[in-house]
Amino acid sequence: MERVMVVLPHPDDETFGCGGTIAKFAKEGAQILYMCGTLGEMGRNMGKPFFATRETLPDVRARELEEACAVLGIQEIQKMGLRDKTVEFEDAHELANRIRQEMIRFKPQLLITHYPKYGVHPDHDALGYAAILAVKMLPKDERPLIYAHAITHNRMQTLGKPDVEIEIADVLETKVAAIRAHRSQSEAMMKRWSENTEPDEAWKKRMDQMMKKEVFWLYDADRLPETLW
Amino acid sequence: MGPIQRVLADEKLQSFVGQEVYLHLETTNGAYAGNNPSGGMAVCAYIRNVKVKFSRASITGLGPYRAGMKMDGGWIYAEGLTDWEETPDGKLLFAGYDNEGRLAVSLEISKTPFRV
Ligand SMILES: [Zn+2]
């Protein structure tokens, strides 16, 4: 892959769910464009101990985003200027049109986005939907392949085995550095992880998986439903 | 109040778009939430009878539902809505009740002021 486009709503989505994959593509010399929907303005995590306020959080997260993207090797970030928790209330076709314009310019061979309805956070579902709608609006021979990132607990049961499994051992240090760059969001979690006294087995298992491999489902844009909800 | 019928509720909501309306928005976990050994905090916020005007509005999700209204330079948002009612005087009431029947969130819109 020479040109990879990433469309996700929150600073840190690119790191937690697909940082290893992005780092791998970057290492192989790919051009990577990241359209980041919001600045995660409504986030609850503010560091541990907290160092941000509701009013400083967007600037804090914008800086963290830039640092993490530099670590991962993302060359171009486009902040879409949407607001956290509101993406699903915007006009999906308008959003898709903006994304499509960028696709026409950037000509990605691969799109990485959230799997609509499997994103857990409504912003994930809504921006994933808009990004795939943008692909659907392109002529078939200009469409990028779609790696859809699914998060819900039922994802394996309903979607089956992932189509793409990426082992990330060789770029783990890069992913961890990007996670640490998102300090306001990751500090509490990384403390918990490194202290090694975690009683919650399910949480530990999820963390171990996140540090081992990243998985995606291929999404056929023609199968996108008429509306999200 | 009864379970939210999303499509119908979304339709009713549209009649409040584009004009000045009164809003009640509230979230609470109960005054006793702070009084438990696991160290919970009682948290509540509400705003009542504030005049707002929004240009887009929708009810989303698979239930519990969410509501979002886009204003000139701002947003109104509520999550966790389970039940709704249209009152005889035209107020649109949404609320989220937990398993014990306790109110956790409430979003209400009216063309006339709410009583205080
Ligand atoms: Zn996110």
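Anything mentioned here points back to the structure above.
Residues numbered from 1 in each chain as written. Chains lettered and ligands numbered in written order. Predicted model: local features only at pLDDT ≥ 70, side-chain atom pairs only at ≥ 80, totals over all residues. Heavy atoms only, no water.

A.B. asks: Would you mind showing me how to read the overall build of chain A here?
C.D. replies: Summing up its helical and strand segments, chain A has nine helices and seven strands in all. In terms of overall size, chain A behaves like a compact globule, its C-alpha atoms giving a radius of gyration of 17 Å where 229 residues would be expected to give roughly 17 Å. With respect to the three principal axes, the spread of C-alpha positions in chain A is 50 × 40 × 35 Å. Residues classed as buried in chain A amount to 55% of the 229 residues present. Of the contacts made within chain A by residues no fewer than 6 positions apart, 80% connect residues no fewer than 24 positions apart. About 10,700 Å² of surface is accessible on chain A, with carbon and sulfur atoms providing 51% of the total. In chain A, the 32 positive side-chain charges and the 37 negative ones have mean positions that sit 3 Å from each other. (Helix = DSSP H or I, 4+ residues; strand = E, 2+ residues; numbered from the N terminus. Rg over C-alpha atoms; globule rule 2.2 N^0.38 Å. Buried < 20%, exposed > 50% of the residue type's maximum accessible area, 1.4 Å probe, protein only. Contact = heavy atoms within 4.5 Å. Areas by Shrake-Rupley, 256 points an atom, 1.4 Å probe, with all protein chains shown as cover. Lys, Arg positive; Asp, Glu negative; His and termini not counted. Charge placed at Lys NZ, Arg CZ, Asp CG, Glu CD.)

A.B. asks: Can you walk me through the pattern of salt bridges in this structure?
C.D. replies: Any two side chains of opposite charge can pair, so long as their charged atoms come close to each other. Per the stated rule, a full pass over the model turns up 20 salt bridges over all chains. A salt bridge links A:R143 to A:D222, with the shortest nitrogen-to-oxygen separation between them at 3.2 Å. In this pair, A:R143 is assigned in the loop between α5 (122–136) and β5 (145–149) and A:D222 in the segment after β7 (213–218), connecting sequence segments 79 residues apart. A:R143 gets classed as partly exposed once you look at its relative accessible area, which sits at 22%. Between B:E86 and B:K12 there is a salt bridge whose closest N-O contact spans 3.2 Å. With B:E86 in strand β7 (residues 83–86) and B:K12 in helix α1 (residues 6–14), this pair connects stretches of sequence that are 74 residues apart. Linked through salt bridges whose partners overlap, the residues forming this network are A:K24, A:K27 and A:D170. (Salt bridge = Lys/Arg side-chain N within 4 Å of Asp/Glu carboxyl O.)

A.B. asks: Looking at this structure, I do not really get the packing of helix α8 (residues 183–195) of chain A against helix α9 (residues 201–210) of chain A. What am I missing?
C.D. replies: Helix packing geometry: the angle between the two helix axes and the distance between the axes. Residue and element names in this part refer to chain A. At their nearest, the axes of α8 and α9 sit 11 Å apart, and the two run at 100° to each other. Taken together, the axes of α8 and α9 are roughly perpendicular relative to one another. Residues M189, R192 and W193 of α8 form the contact with α9, whose participating residues are W203, M207, D208 and M210. Per-class residue counts for the contact of α8 with α9 are five nonpolar, no polar and two charged. (Axes fitted to C-alpha atoms, helices over the stretch in contact; angles between N-to-C directions. Parallel < 35°, antiparallel > 145°, perpendicular 65-115°, else oblique. Nonpolar A, V, L, I, M, F, W, Y, C, P; charged D, E, K, R; others polar.)

A.B. asks: Quick question: what am I supposed to make of the sheet that holds strand β1 (residues 3–8) of chain A here?
C.D. replies: Note: strands within a sheet are paired through backbone hydrogen bonds, in either parallel or antiparallel orientation. Residues and elements named next belong to chain A. What the seven strands build is an open sheet, ordered β3-β2-β1-β4-β5-β7-β6; its pairing is mixed. Two strands close off the open sheet at either side, each with one partner strand: β3 (76–79) and β6 (164–167). Going across the sheet, the axis of each strand differs from the next one's by a mean of 25°, ignoring polarity. Pairing of β1 with strand β2 (residues 31–36) involves six bridges; the strand directions are parallel. Counterpart to L8 in the pairing with β2 is C36. Of the strands in this sheet, β1, β4 (110–114) and β5 are in contact with α5, which crosses β4 at around 155°. (Pairing = 2+ DSSP bridges.)

A.B. asks: Sorry if this is basic, but what is going on with the packing of helix α3 (residues 57–72) of chain A against α8(A) here?
C.D. replies: All names here are of chain A. Interhelical geometry of α3 versus α8 gives an angle of 80° and a closest axis separation of 10 Å. Overall, the two elements α3 and α8 adopt an arrangement that is roughly perpendicular. For the pair formed by α3 and α8, the contact residues are L57, V60, R61 and E64 on the first element and R183, S184 and Q185 on the second. In the contact of α3 with α8, the residues fall into two nonpolar, two polar and three charged.

A.B. asks: Sorry, what's going on with helix α2 (residues 19–27) of chain A here?
C.D. replies: For an α-helix, the turn length of 3.6 residues means that residues three or four places apart are oriented alike. With seven of nine residues buried, α2(A) lies mostly within the body of the structure. Of the residues making up α2(A), those classed as buried are A:G19, A:G20, A:T21, A:I22, A:A23, A:F25 and A:A26.

A.B. asks: Would you explain the nonpolar core in this entry?
C.D. replies: A general tendency of soluble globular proteins is for nonpolar side chains to be buried together. Residue and element names in this part refer to chain A. Membership of the largest hydrophobic core comes to 35 residues, with the highest contact counts inside it found for M5, V7, I99, M103 and L111. Where this core is concerned, the elements lending two or more residues are β1, β2, α4 (92–106), α5, β5 and β7. For this core, the element with the highest residue contribution is α5, accounting for nine residues. Ignoring any residue separated from it by four or fewer positions in sequence, one finds L111 in contact with M5, V7, M103, A131, V135, P144, L145, I146 and Y147. With 27 residues, the next largest nonpolar core counts V4, A26, C69 and L72 among its residues. (Core = buried A, V, L, I, M, F, W, Y, C linked by side-chain atoms within 4.5 Å.)

A.B. asks: I would appreciate a short explanation of the coordination of the zinc ion in the present structure.
C.D. replies: Six octahedrally arranged donors around a metal ideally form angles of 90 or 180 degrees; four tetrahedrally arranged donors ideally form angles of 109.5 degrees. Residue and element names in this part refer to chain A. In the first shell of the zinc ion, the protein supplies H10 (ND1), D13 (OD), D13 (OD) and H124 (NE2), at 2.0 to 2.7 Å from the metal. Every donor counted, the four donor atoms about the zinc ion form angles of 53 to 128° at the centre, which fits irregular coordination. Donor residues for the zinc ion, ordered by position in the chain, follow H-x2-D-x110-H. Placement of the pair is H10 in the loop between β1 and α1 (13–16) and H124 in helix α5, with a sequence separation of 114 residues. We note that H10, like H124, is buried. (Donors = N, O, S within 2.8 Å, 3.2 Å for Na, K, Ca; no water. Tetrahedral: all angles 85-135°; square planar, octahedral: opposite > 155°, others 65-115°.)

A.B. asks: Would you mind showing me how to read the interface of chain B and chain A here?
C.D. replies: By a widespread convention, an interface's size corresponds to the accessible area lost as its parts come together. Chain B puts 13 residues into the contact, and the matching count from chain A is nine residues. Buried area between chain B and chain A, both sides added, is near 1,100 Å², and the carbon and sulfur share of it is 60%. Among the residues of chain B in contact with chain A, B:R56, B:W75 and B:Y77 are the three that bury the most area, contributing 46% of the side total. Where chain B meets chain A, there are three salt bridges. Between B:K70 and A:E90 there is a salt bridge, with its nearest N and O atoms 2.8 Å apart. Run the count over chain B and chain A and you get five residue pairs in polar contact (both at pLDDT 80 or more). Elements with a contribution of two residues or more to the side of chain B that touches chain A: β4 (54–60), β5 (65–71) and β6 (74–81) of chain B. Examining the composition of the side of chain B that touches chain A, we find that four residues originate from one element, β5(B), more than from any other. Among the residues forming the side of chain B that touches chain A, the class breakdown is four nonpolar, four polar and five charged. (Buried area = accessible area lost by both parts, 1.4 Å probe. Polar contact = N/O pair within 3.5 Å; in protein donor to acceptor, adjacent residues only side chain to side chain.)

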